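Take a look at the letters that make up each chain.
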Amino acid sequence: MKATTKKQLRRALVILALVVGVIGLALAAIVWTGLSDRWVRDAVVNQIEQATGGRVGLKAFRLNWVSLRAEIEQLTVHGTEPEGTPPLFHVERMVVDLRVVSFFGRKIALDEVTLDRPEVYVRVDADGRINFPGPKVQRAPGKPWQERVFDLSARELRLENGSIAFNDVRVPLAVEGGAFSLAVDFHAPAPGREFYTGKLSWQGMKIAARRYQPFASDVQAKFTLERDAFSLDQVLWKLPGSNLDVTAKLSGFANPQWNFRYRGWLNLDDLRTILRKPATPSGRVDFTGEGNYTNRKVSVAGRYSAQAIDTRWEWFDSSEIAVRGSYRADNRALSVPDLELQLLGGRVQGQLNLVFDGLKFRVDSRARGMSLARLLDAVGHAGFPIESLHWNADVDVEAVTTWSADFKAVDSRGVMLWSPPVTPQAGDIPAAARLPFDYSMVRRRVRIASGEISTPSSQLKIDGTLGARDSSLEARLVVDDLLPWDDFINQIRGAKAEPRRVSGMATWQGRVIGPLDSPTFSGRIKLAQFTYGRYSADELEGEMSYSPEAFRLMRTRIRRGSATAQVGLALHFDDWSFCPACAWSLETTLERAPTDDLQA
């Protein structure tokens with residue numbers, strides 16, 4: 001290489017280095033003095049004004065080139081609303097974290113976006129026009145025109161302490177979520193026929209509302225905005241276990257009227273978690289419907305079905321409930337004229353009415369062919385295991401049931417009829433009954449007025465109340481054979497008690513008092529050919545008291561063979577069971593007692 005060429009190359013490199021240095025110093029000066037922020041600020045304001053057609057105010061814009069964070073203070077977009085009224089959009093502070101996707105491709109994405117106190121104010125004038133002016137466009141005469149006026153995507157979006165207002169109606173807004181995207185296109189097929197179309201997607205969105213549990217959900221929406229109409233072409237809302245698909249159209253802003261259609265399924269576990277309502281049953285409800293909303297009045301109609309409804313209540317636990325029917329609703333009430341349930345092997349038909357003020361429900365129902373064995377299993381309780389009676393029957397019920405909110409204050413009154421099953425199962429004891437009842441969840445008790453139950457070997461008449469906290473039931477029981485009652489007697493004695501064989505004939509007239517899971521049976525008892533474990537007697541007659549704390553026989557006469565004893569017995573129990581440390585007392589007067597009979 002010639003010396004002249006080398007010298008020229010060195011000069012070119014020095015000049016290039018000087019140019020790069022000057023450019024670097026110039027860029028540093030621009031950043032240091034804030035000129036870059038002002039340039040970007042002016043570009044942001046210009047782009048928003050072009051996209052919205054409104055007047056834009058921006059107090060401050062700061063861009064940190066090192067951390068790629070932009071901060072905006074008091075961004076305001078004025079639409080066509082009158083002076084002195086709130087602007088179309090305002091946000092106190094907006095923080096945007098940027099992420100370089102491709103340096104050489106000049107692609108930058110929004111990483112996290114936070115809006116503090118965003119406010120949207122939509123105003124509709126008397127002519128039905130909204131206060132959104134529309135973008136500033138330039139179009140060749142007579143040719144249709146389309147432009148994307150807004151395209152935003154962010155990895156995370158958070159809206160804090162915000163609100164949306166429609167004329168005088170304001171809705172608070174606080175929401176955050178994951179991947180967010182919103183694209184809006186402006187269409188102008190002809191002068192005076194301009195409209196917008198948009199697509200929105202937000203994954204992992206969480207809404208904080210009242211005292212409800214925040215929950216993540218995914219939302220996708222397509223919409224069209226015209227000068228005097230708005231339509232949601234499709235909204236897909238996916239909750240943790242539920243889905244909702246909605247289409248809606250608003251025809252006119254001056255006299256707004258919404259017409260909408262919807263379908264979906266609801267997992268009741270979502271309601272239990274989100275609304276913090278532990279008494280809500282579990283299960284799935286499928287529904288469809290349509291309706292309209294105008295002049296602040298709503299009207300909907302549709303159909304629904306529910307499967308595998310599981311109540312899990314203290315005094316009724318069943319997972320075999322299926323429901324279906326149609327419904328109509330307005331602002332005041334909801335009605336289901338053809339309610340139908342598959343319950344406990346039978347069919348329930350009736351009508352449901354709900355008054356929204358206080359969420360007051362009422363069901364007039366007629367049940368046919370329910371299984372008594374399943375019913376006793378559903379209402380069975382650890383302290384009062386009536387399913388161990390092994391009774392079965394076909395159950396018919398006429399009832400009126402009311403409750404409020406999520407199955408609070410349930411009241412049910414009517415009459416229950418049992419008839420022996422047509423095809424009894426092995427081990428079942430057929431039963432027949434007539435039981436007028438009045439159940440109250442608040443009082444946690446059921447009143448039975450002059451009820452009667454009969455089986456092949458027993459007859460029971462009852463009148464009074466059975467309650468979780470306090471029972472007072474008058475009863476007369478005649479049993480020709482106690483052996484079928486073995487399982488019930490042994491279970492009610494408690495899990496710790498050793499099972500005993502009980503047989504014989506019995507007549508008992510008395511009362512059941514106290515809490516239902518630890519009742520006291522008191523009254524007069526008469527036994528014949530009686531066996532209890534290794535104890536037996538030909539006759540026993542006297543006054544009896546039986547509770548978890550003690551068993552007492554008072555003024556009792558016992559006969560075995562030719563031996564007769566007058567007995568007073570008190571056994572103190574530990575949860576229905578007599579233990580080695582438990583106190584006891586016995587007073588006995590014997591009459592004509594042969595040694596053999598006394599020993600036996």
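This text goes with the structure placed above it.
Not measured: the values here are computed from a predicted model.

A. The overall build of the chain, seen in detail. In terms of helices and strands, the chain carries six helices and 32 strands. Counting over 600 residues, the chain shows a buried share of 38%. Residue pairs in contact within the chain that sit at least 24 positions apart in sequence constitute 44% of those at least 6 positions apart. Accessible surface for the chain amounts to roughly 34,600 Å². Of this, 56% is attributable to carbon and sulfur atoms.

B. Representation of a nonpolar patch on the surface in the model. Residues Ile-164, Phe-166, Val-169 and Val-171 make up a contiguous nonpolar surface patch of roughly 310 Å² in combined accessible area. Contributing elements (two or more residues each) for the nonpolar patch: strand 5 (145–166) and strand 6 (169–177). When its relative accessible area of 47% is taken as the criterion, Val-171 is described as partly exposed.

C. Broad picture of the state of the cysteines. Under the counting rule described, the total for this entry stands at one disulfide. Across the disulfide, Cys-579 is cross-linked to Cys-582 (sulfur-sulfur distance 2.2 Å). Torsion about the S-S bond of the Cys-579 and Cys-582 cystine: about 95°, corresponding to right-handed handedness.

D. How the structure looks around the packing of aromatic side chains. Counted according to the given criterion, the structure contains 13 aromatic pairs. Considering the side-chain rings of Trp-508 and Phe-521, the 6.3 Å spacing of their centres and the 65° angle between planes classify their relative orientation as edge-to-face. Of this pair, Trp-508 sits in strand 27 (residues 502–514) while Phe-521 sits in strand 28 (residues 520–532), and the two are 13 residues apart along the sequence. As far as burial versus exposure is concerned, Trp-508 and Phe-521 are alike and both buried.

E. Inspection of the pairing of strand 20 (residues 394–404) at higher detail. Only one face of strand 20 is covered, namely the one carrying Val-395, Val-397, Ala-399, Thr-401 and Trp-403; the face carrying Asp-394, Asp-396, Glu-398, Val-400, Thr-402 and Ser-404 has none of its residues buried. The sheet contact formed by strand 20 and strand 21 (residues 408–419) spans ten bridges and is antiparallel. Among the inter-strand pairings, Val-400 is bridged to a residue of strand 21, identified as Arg-413. Between the antiparallel neighbours strand 20 and strand 21 lie three residues, among them Ala-405 with a positive phi of about 50°.

F. Structural view of the pattern of salt bridges. Taken as a whole and assessed by the stated rule, the structure comprises 25 salt bridges. Across the pair Arg-284 and Asp-286 runs a salt bridge whose closest N-O atoms are separated by 2.9 Å. Note that Glu-474 is salt-bridged to Arg-511, the shortest N-O span being 3.1 Å. A residue pair is termed long-range when its members are at least 10 positions apart, and Glu-474 in strand 26 (residues 471–479) and Arg-511 in strand 27 qualify at 37 residues. Take Arg-511: its relative accessible area is 34%, and that puts it in the partly exposed class. One network of salt bridges, with partners in common, ties together Arg-62, Glu-71, Glu-73 and Arg-93.

G. Geometry of the nonpolar core. In this structure, Leu-372, Trp-391 and Trp-418 are the most contacted members of the largest nonpolar core, which totals 82 residues. In this structure Leu-372 touches Trp-391, Asn-392, Ala-393, Val-395, Trp-418 and Ala-431, once residues within four positions along its chain are discounted. Listed in part, the 35 residues of the second largest apolar core include Val-96, Ile-130, Val-184 and Phe-253.

H. Spatial organisation of the environment of Ser-163. In this fold, Ser-163 is placed in strand 5. On a C-alpha basis, the gap between Ser-163 and Glu-119 in space is 5.0 Å, while along the polypeptide they are 44 residues apart. Excluding its chain neighbours within four sequence positions, the residues that come into contact with Ser-163 are Pro-118, Glu-119, Val-120, Arg-170, Val-171, Pro-172 and Leu-173.

I. Quick look at the environment of Lys-206. Position of Lys-206 among the secondary structure elements: in strand 8 (residues 195–207). Distance in space between the C-alpha atoms of Lys-206 and Gly-177 is 5.7 Å, their sequence separation being 29 residues. Here Lys-206 is in contact with Ala-174, Val-175, Glu-176, Phe-215 and Ala-216, once residues within four sequence places are set aside.

Conventions and cut-offs
- Throughout this document, residue positions are counted from 1 along each chain, in the order its sequence is written.
- Side-chain atom pairs in this predicted model are given and counted only at pLDDT of 80 or more, local residue features only at pLDDT of at least 70, and totals for whole chains, interfaces and linings cover all residues.
- Note that water and hydrogens are dropped before the side-chain values are worked out from all heavy atoms of the structure.
- A run of DSSP states H or I qualifies as a helix once it reaches four residues; a run of E qualifies as a strand once it reaches two. Both are numbered from the N-terminal end.
- Residue burial is assigned from relative accessible area. The probe radius is 1.4 Å, only protein chains are included, and a residue is buried under 20% of its type maximum, exposed over 50%, and partly exposed in between.
- Note on contacts: a residue pair qualifies if any of its non-hydrogen atoms lie within 4.5 Å across the two residues.
- Only the protein chains shown count as covering a residue, and every accessible area follows the Shrake-Rupley method with a 1.4 Å probe.
- To count toward a patch, a residue needs a relative accessible area over 30% and no salt bridge; like charges are then connected within 9 Å, while nonpolar side chains (Val, Leu, Ile, Met, Phe, Trp, Tyr) are connected within 5 Å.
- Salt bridges are identified by distance alone: a Lys or Arg side-chain nitrogen within 4 Å of an Asp or Glu carboxyl oxygen.
- The disulfide criterion is simple: two cysteine sulfur atoms within 2.5 Å.
- Stacked, edge-to-face and tilted are the three classes for Phe, Tyr and Trp ring pairs, Trp counted by its six-membered ring, which pair at centre distances within 6.5 Å; planes under 30 degrees apart are stacked, over 60 edge-to-face, the rest tilted.
- Pairing between strands requires that DSSP locate at least two bridges from one strand to the other.
- Nonpolar cores were defined as sets of buried Ala, Val, Leu, Ile, Met, Phe, Trp, Tyr and Cys residues, with membership established by side-chain atoms within 4.5 Å.

From the geometry alone we can't say anything about function, so treat these as descriptive.
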